[in-house]
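Each chain is listed here by its residues.
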Amino acid sequence: MASSKPQTLIAGGAGFLGSHLCDRFIRDGHHVTCVDNLLTGRLENVDHLLGDPDFTFVHRDISTSTDLGTGYDFILNFACPASPIDYLRYPLETLDVGSLGMRNLLGIAKASNARILQASTSEVYGDPLVHPQDESYWGHVNPIGPRSVYDESKRFAEAIMASYHREFGLETRIARIFNTYGTRMRLDDGRVLPTFIKQALCDEPISIFGDGSQTRPFCYVDDLVEGIVRLLYSDESDPVNIGNPEEITIGEFAEEVVKLTGSRSSITYLPLPEDDPKVRKPDITKARVILGWSPATNRTDGVASTLDYFFDEVSRLGIAPINRRPIQRPFGRAGNRSAIQRRRSQGRLFRNRAGKNKRISDPRT
Ligand SMILES: NC(=O)c1ccc[n+]([C@@H]2O[C@H](COP(=O)([O-])OP(=O)(O)OC[C@H]3O[C@@H](n4cnc5c(N)ncnc54)[C@H](O)[C@@H]3O)[C@@H](O)[C@H]2O)c1
């Protein structure tokens, strides 16, 4: 690695969050090595970067790879099945990546004398007995329930990060990420936002687990990326919550999505999955004070900014019937394009005025 640019390894870089981080670090002048086994991610999330000399894609499983090179300045670990559908489909891979994969990356960080950041999760708090959750809360996790493959994998990853920090003085950063949404989420990943939007666009019933009274926060991906970057460059080695503290019940959120999409969908109620958290809301005091960070995007703007992307996904997968009626935009119908609207199609196809898909030439703008 002869380049004078900062060398940054992003594990899970072909996933939803990882690919947005690849864009950000390339834009910030790093050389990015993206390692991904494409278990739940997609090469198309980074295909716009493949010809860039500052971007290298390595198709590998971090749970079985120790030879990913050295000489890195920064390592970000975003490799892990993240949606309940995915980690229930890949339970052992999920446990492996949080333990073996994490340990492999820590070995590379130690050999490189790199700073390493782990994408942890609000799920380390389990079904919380404290609300909102701040970083001092140790959590309420069922260690043998179906969700435990994810929760305990992430808790182990935090434990081994802390251990490397204590034993070797390695510079470690732990981001406890709360629900985040944005472009490049898979339509079929089972998470709330893509599921609701797909159902709304197809005028199918919106499926709510339980009675819809459980709460979730929703953080827009650009805000999350900014929080991660600030944490990486900070001196904080203890965990920091990164999420949007504005919580909403799932029932209210379903109604919001129906309104934003102009859908005719009704609501249907399904049994609540085992150990599903009833409430979730980050206390982000620490991020505000230490990182000077808080989310800048309100939910209505953020969700509206993802709709074109989901339209494209619905079309691409040939899911019919597609609801093509006009969408209520918070910014008005024409002109007056805000920064968030301009950003929404970064690296994606977008719908031009003639209704044709057009590729953005520079995805990093
Ligand atoms: N999106 C959220 O709301 C959220 C919330 C909390 C935490 N997180 C964490 O952020 C990270 C990224 O989440 P995401 O939403 O982008 O999920 P994602 O599934 O889109 O991305 C995960 C990526 O990791 C890759 N991967 C999985 N196992 C791997 C392995 N063994 N070796 C190499 N690559 C591997 C997948 O192929 C995928 O590209 C995860 O660690 C997740 O736990 C996400």
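Residues numbered from 1 in each chain as written. Predicted model: local features only at pLDDT ≥ 70, side-chain atom pairs only at ≥ 80, totals over all residues.

Things to note about the overall build of the chain
Piece 1. Counting its secondary structure elements, the chain contains 10 helices and 15 strands.
Piece 2. Among the 365 residues that make up the chain, the fraction classed as buried is 45%.
Piece 3. Long-range pairs, those at least 24 residues apart, make up 79% of the contacts in the chain between residues at least 6 apart in sequence. (Helix = DSSP H or I, 4+ residues; strand = E, 2+ residues; numbered from the N terminus. Buried ≥ 20, exposed ≤ 12 C-beta atoms within 10 Å, placed from the backbone. Contact = placed C-beta atoms within 7 Å.)

Regarding the site of the ligand
Piece 1. Neighbouring residues of the ligand: 30 residues in total, closest Gly 12, Gly 15, Gly 41, Cys 80 and Ala 82.
Piece 2. Breaking the shell around the ligand down by element, the ones donating at least two residues are α1 (16-27), β2 (31-36), α3 (91-112) and β5 (115-121).
Piece 3. Take the shell around the ligand: its biggest share by element is 3 residues, from α1.
Piece 4. Grouping the amino acids of the shell around the ligand by side-chain chemistry returns 16 nonpolar, 11 polar and 3 charged. (Near = placed C-beta within 6 Å. Nonpolar A, V, L, I, M, F, W, Y, C, P; charged D, E, K, R; others polar.)

Re the sheet that holds strand β11 (residues 240-242)
Piece 1. With parallel pairing, the 7 strands of this open sheet are ordered in space as β3-β2-β1-β4-β5-β6-β11. Where the open sheet ends on each side, the last strands, each with one partner, are β3 (55-59) and β11. When the angles between neighbouring strand axes are averaged without regard to direction, this sheet yields 20°.
Piece 2. Taken together, the 6 bridges between β5 and strand β6 (residues 172-177) define a ladder with parallel strand orientation. (Pairing = 2+ DSSP bridges. Axes fitted to C-alpha atoms, helices over the stretch in contact; angles between N-to-C directions.)

So, the pairing of strand β4 (residues 74-77)
Both faces of the sheet carry side chains from a regular strand, because those side chains alternate between them.
Piece 1. Alternating residues of β4 divide into Phe 74 and Leu 76 and Ile 75 and Asn 77, and every residue in both groups is buried.
Piece 2. Bridge analysis of strand β1 (residues 7-11) against β4 gives 4 bridges, and the strand direction is parallel. Bridge pairing in β4 places Ala 11 opposite Asn 77.
Piece 3. As defined by bridge partners, β4 adjoins β5 across 4 bridges and the pair is classed as parallel. Directly across from Ile 75, in β5, lies its bridge partner Ile 116.

Digging into the confidence of the model for the chain
Piece 1. Residue-level pLDDT values for the chain average 88, and 87% of them are 70 or greater.
Piece 2. Every residue in residues 328-365 is under pLDDT 50, and counting partners more than four places away or in other chains gives 51 contacts. (pLDDT = per-residue confidence, 0-100.)

Concerning helix α6 (residues 221-233)
Piece 1. Given a rise of 1.5 Å per residue, 13 residues ought to cover 18 Å, and the 19 Å separating the end C-alpha atoms of α6 matches this to within 8%.
Piece 2. Within α6, burial applies to Val 221, Asp 222, Asp 223, Leu 224, Gly 227, Ile 228, Leu 231 and Leu 232. (Expected span 1.5 Å × (residues − 1).)

A look at the pairing of strand β8 (residues 206-209)
Piece 1. Going residue by residue along β8, you find Ile 206 and Ile 208 tucked away on one face and Ser 207 and Phe 209 left uncovered on the opposite face.
Piece 2. Judged from the 4 bridges that link them, β8 and strand β13 (residues 267-270) form a sheet pairing that is parallel. If you follow Ile 206 over to β13, its bridge partner there is Ile 267.

Notes on the packing of α1 against α6
Piece 1. One can describe the packing of α1 onto α6 by two numbers: an axis separation of 10 Å at closest approach and a directional angle of 65°. In terms of crossing hand, the pair formed by α1 and α6 is right-handed. Packed against α1, whose contacting residues are Leu 17, His 20, Leu 21 and Arg 24, the element α6 presents Val 221, Leu 224, Val 225, Ile 228 and Val 229 at the interface.
Piece 2. Its residues placed into classes, the contact of α1 with α6 shows 7 nonpolar, 1 polar and 1 charged. (Left-handed = near helix turned anticlockwise from the far one by under 90°.)

Some thoughts on the packing of helix α5 (residues 192-201) against helix α9 (residues 299-316)
Piece 1. Their axes nearest at 10 Å, the elements α5 and α9 cross at an angle of 65°. For the element pair α5 / α9, the angle class is roughly perpendicular. Here α5 runs over α9; the crossing is right-handed. Along its contact with α5, which presents Pro 194, Ile 197, Lys 198 and Leu 201, the element α9 presents Phe 310, Phe 311 and Val 314.
Piece 2. Looking at the contact of α5 with α9 residue by residue, the class counts come to 6 nonpolar, no polar and 1 charged. (Parallel < 35°, antiparallel > 145°, perpendicular 65-115°, else oblique.)

Focus: unusual backbone geometry
Piece 1. Geometrically, the link from His 131 to Pro 132 is a cis peptide bond, its omega value of -5° lying close to zero.
Piece 2. Relative to the helices and strands, Pro 132 resides in the loop between β5 and α4 (148-168).
Piece 3. Its identity is not glycine, yet Asp 203 carries a phi of approximately 55°, on the positive side.
Piece 4. Here Asp 203 lies in the loop between α5 and β8.
Piece 5. With 16 C-beta atoms packed within 10 Å, Asp 203 lands in the partly exposed category.

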